[in-house]
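Topology and contacts: notes
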Amino acid sequence: MASLPVIVVHGGAGNIPRARESMSSAGVREAAKAGYVCLQAGGSAMDAVVEAVTLLENNPTFNAGRGSVLTQKGTVEMDAIVMDGRTLASGAVSAVRRIANPVQLARLVMDKTSHLCLTAEGASQFARNMGIPEVQEESLITEYSIMRWRKNLSPDANPVESHMGKMGTVGAVAVDLQGNIACATSTGGMLNKMEGRVGDTPCIGCGAYADNKLGAVSPTGHGEAIMKVTLSRLILFYMEQGKSVREAADMGLAYMWDRVQGRGGVVVVDPKGEWVARFNSLQMAWAAAQGGQLHYGMYGEEHFTRDIQEQKEPEPQSQEAHSPTRSTDTHTDTQ
Amino acid sequence: MEPTIVVHGGAWAVPDSLAEASVAGVKAAARDGFAILKIGGSALDAVELAERALEDDLAAFDAGCGAVLNTDGEVELDGKTLAAGAVSSVRNITHPVTLARAVMEKTDHIMLTDRGASQFAESIGITTVPTDALMTESERREWEHYKKYAVGVKEGHDTVGAVALDHRGNLACVTSTGGIRNKMVGRVGDTSIIVSGGYDDDQSGAVSCTGHGESIMKVTLARLILFNMELGKLARDAVDVSLAYMGERVQGGGGAIAIAPSGDWAARFTTQRMVWATAKGESLFYGLDPQDMFEEKLSK
């Protein structure tokens, strides 16, 4: 049953190594729960998505904030965006360094400036003006990200291939009790990228879009491909033409594969609270909270549901048996 | 396929003192770009050349040499492959559009910013020029004036852009700007954001936008115009409907040029003026004020 409020969160699309699956899954579930608690208490959709993405940025499992992939030079440059569906206001930062929560800085760009995007040095200067503490770059770097960086230093490495899976951009979409819609996306970008490379994430229409009249999208996947097809805006355009959230998401992803051979995933929500988490990569860690239920999945058609109050962690998935154990399907998909 | 190129020099209240030079500038750029198309050159080359001509025009335009300290530039999207290149927040480069094209052709990425963009420029032999060469006298005086009196940001909607259709039916677009005067350091406007300042797709059309950058971004104007063209609207109607939406939804004004795969084209705006010129067939069309549609022979 579609109902409000609702929040859907993703932790990246690709080929997540088995060893990291349970951490990714736990991470997105925690973020969805936290965002939902915020919404239930009457918080805005914007508050909820920023809360959820902040948790994911702090979680070293994901390619955002702490745990971000490294640039060619071994540094961390992060992109983030928020968008408010009521006013179409937005804030973004690109190639920003040495702050713990780019999504919060993006929100400040929206709230405190007349601009939509600040980059690099300018973004850092703004952070200082806002009293946001600078953090040591080392605090954002993990063993795992160093290991992945080293593996992709050789000239014949294929970072896109390698990236497409191991580590994910994070994002969230939400509709609050007032019917306001918001989204947020955050990332460390592409593995071993050139310094100054900006991907889809901070580009409105590509890395995010929210409109109270249509819905919201937060994508993950191959950034350059997402940009070329302006994925977020494209999916909402299909919805404007009458497609369901699921049809629109699938059409957008199919187009991105056909036209520019890019893989990825999206979380999408509409004004009524209908939502989907769809992807054409092997996996995408996702979770949604709605009507007292927590929904989550990782592979293909997986869709697990449990009561949101349930404290016990789900059993870790066995290596072979990936036939989803569906509980009563309360998902809003109309297919 | 009949080659066509449309060029704009920004949608804003162009003062009379600059009007003549601005119009001359876009006409020259359109002629230059069209010359490439006539000999069978690509849409991509045509728009880049037109952009460079505009960037060179010191007196009238903001981008390139006249740029107010911080420069954004987005290059042509290639409508066949959807390849794109963009740079933001680069300083002291005479032709940001050429740098953006290099991002598209020489890297796996679409957009580079700030120091990373400058480093890349150096690595491919694009030299930076001292700030003095990039600021005209009036720019420098103006900047100093604003610095002293900390006046609020003045909207200088003087972005430049071009869209073209070549004889093969390929489309390309480019947009370049120095951005709003005295904007915050590191502010990235609509120009270098794919989908807002410009977009094109051989299957749908090509668009370059100008006007209030933040409004353009909020409604992803270029993509919106193309969605409307994909729904079957004529270029003119697609642009008008989209500009009207931007006005209603986010109270932003601006303009856009567009070409459809059929060659149908438009140059429309909701600001007081927009300098534009189109070269097609034997004719050069151009205008400044809302109802303008002047025509002269290209061979002139």
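Values in this document were obtained by computation on a predicted structure and should not be read as measured data. (Residues numbered from 1 in each chain as written. Chains lettered and ligands numbered in written order. Predicted model: local features only at pLDDT ≥ 70, side-chain atom pairs only at ≥ 80, totals over all residues. Heavy atoms only, no water.)

**Considerations on the interface of chain A and chain B**
On the side of chain B, 46 residues touch chain A, which itself brings 47 residues to the contact. When chain A packs against chain B, close to 3,700 Å² is buried across both sides, 63% of that on carbon and sulfur atoms. Linking chain A to chain B there are three salt bridges. With a shortest N-O distance of 2.8 Å, Arg259 of chain A and Asp201 of chain B are connected by a salt bridge. Joining chain A to chain B, the criterion identifies 15 residue pairs in polar contact (both at pLDDT 80 or more). (Contact = heavy atoms within 4.5 Å. Buried area = accessible area lost by both parts, 1.4 Å probe. Salt bridge = Lys/Arg side-chain N within 4 Å of Asp/Glu carboxyl O. Polar contact = N/O pair within 3.5 Å; in protein donor to acceptor, adjacent residues only side chain to side chain.)

**What to know about the packing of aromatic side chains**
Per the stated rule, a full pass over the model turns up six aromatic pairs over all chains. Ring-pair connections join several aromatic residues into one group, and the members of that group are Trp265, Trp276 and Phe285 of chain B. One cation-aromatic arrangement involves Arg20 of chain A over Tyr144 of chain A; the distance from NZ or CZ to the ring centre is 3.6 Å. A cation over a ring is seen here: Lys27 of chain B above Tyr286 of chain B, with NZ or CZ 3.9 Å from the ring centre. (Phe/Tyr/Trp six-rings, centres within 6.5 Å; stacked < 30°, edge-to-face > 60°. Lys NZ or Arg CZ within 6 Å of the ring centre and 35° of its normal.)

**Some thoughts on helix H8 (residues 231–240) of chain A**
With nine of its ten residues buried, H8 of chain A lies for the most part within the structure. In this fold, the buried residues of H8 of chain A make contact with strand E8 (209–211), strand E9 (215–221), helix H7 (223–228), helix H9 (245–260) and strand E10 (264–269) of chain A together with helix H8 (221–230) of chain B. One or two steps after H8 of chain A, the chain reaches Gly242 of chain A, where phi turns positive at roughly 105°. (Buried < 20%, exposed > 50% of the residue type's maximum accessible area, 1.4 Å probe, protein only. Helix = DSSP H or I, 4+ residues; strand = E, 2+ residues; numbered from the N terminus.)

**Quick word on the UniProt feature "active site" (unreviewed entry) in chain B**
Residue and element names in this part refer to chain B. Residues annotated by UniProt as "active site" (unreviewed entry) correspond here to Thr159. Its location among the elements puts Thr159 in the loop between helix H6 (137–149) and strand E5 (160–165). Under the relative-accessibility criterion, Thr159 is labelled buried at 6%. (UniProt positions renumbered as here; feature names shortened; annotations may be inferred.)

**Some words on the UniProt feature "binding site: substrate" (unreviewed entry) in chain A**
In the UniProt entry, the feature "binding site: substrate" (unreviewed entry) is given for Arg197, Val198, Gly199, Asp200, Thr220, Gly221, His222 and Gly223 of chain A. You can see Val198 of chain A is positioned in strand E7 (residues 197–198). Its relative accessible area of 1% is what places Val198 of chain A among the buried residues. Among residues more than four places away in sequence, those in contact with Val198 of chain A are Asp79, Ser94 and Met227 of chain A together with Met111 and Thr113 of chain B. With respect to the element layout, Gly199 of chain A can be found in the loop between E7 and E8.

**Focus: the UniProt feature "active site" (unreviewed entry) in chain A**
All names here are of chain A. Mapped onto this numbering, the UniProt entry annotates "active site" (unreviewed entry) at Thr169. Mapped onto the secondary structure, Thr169 falls in the loop between helix H6 (159–166) and strand E5 (170–175). Aside from chain neighbours lying at most four places away, what touches Thr169 is His10, Gly11, Gly12, Asn63, Thr185, Ser186, Thr187, Thr201, Pro219 and Thr220.

**So, the sheet that holds strand E2 (residues 78–84) of chain A**
Residues and elements named next belong to chain A. Ordered by their spatial adjacency, nine strands build an open sheet running E4-E3-E2-E6-E5-E1-E12-E13-E14, and the pairing between neighbours is mixed. Bordering the open sheet on either side are strand E4 (117–119) and strand E14 (304–307), each of which pairs with just one other strand. Going across the sheet, the axis of each strand differs from the next one's by a mean of 10°, ignoring polarity. For strand E12 (residues 283–290) and strand E13 (residues 293–299), the ladder comprises six bridges, and the chain directions are antiparallel. Bridging from a neighbouring strand, Ala287 pairs with Tyr296 of E13. Along the sheet, helix H1 (residues 18–40) makes contact with strand E1 (6–14), E5, E12, E13 and E14, crossing E12 at roughly 25°. (Pairing = 2+ DSSP bridges. Axes fitted to C-alpha atoms, helices over the stretch in contact; angles between N-to-C directions.)

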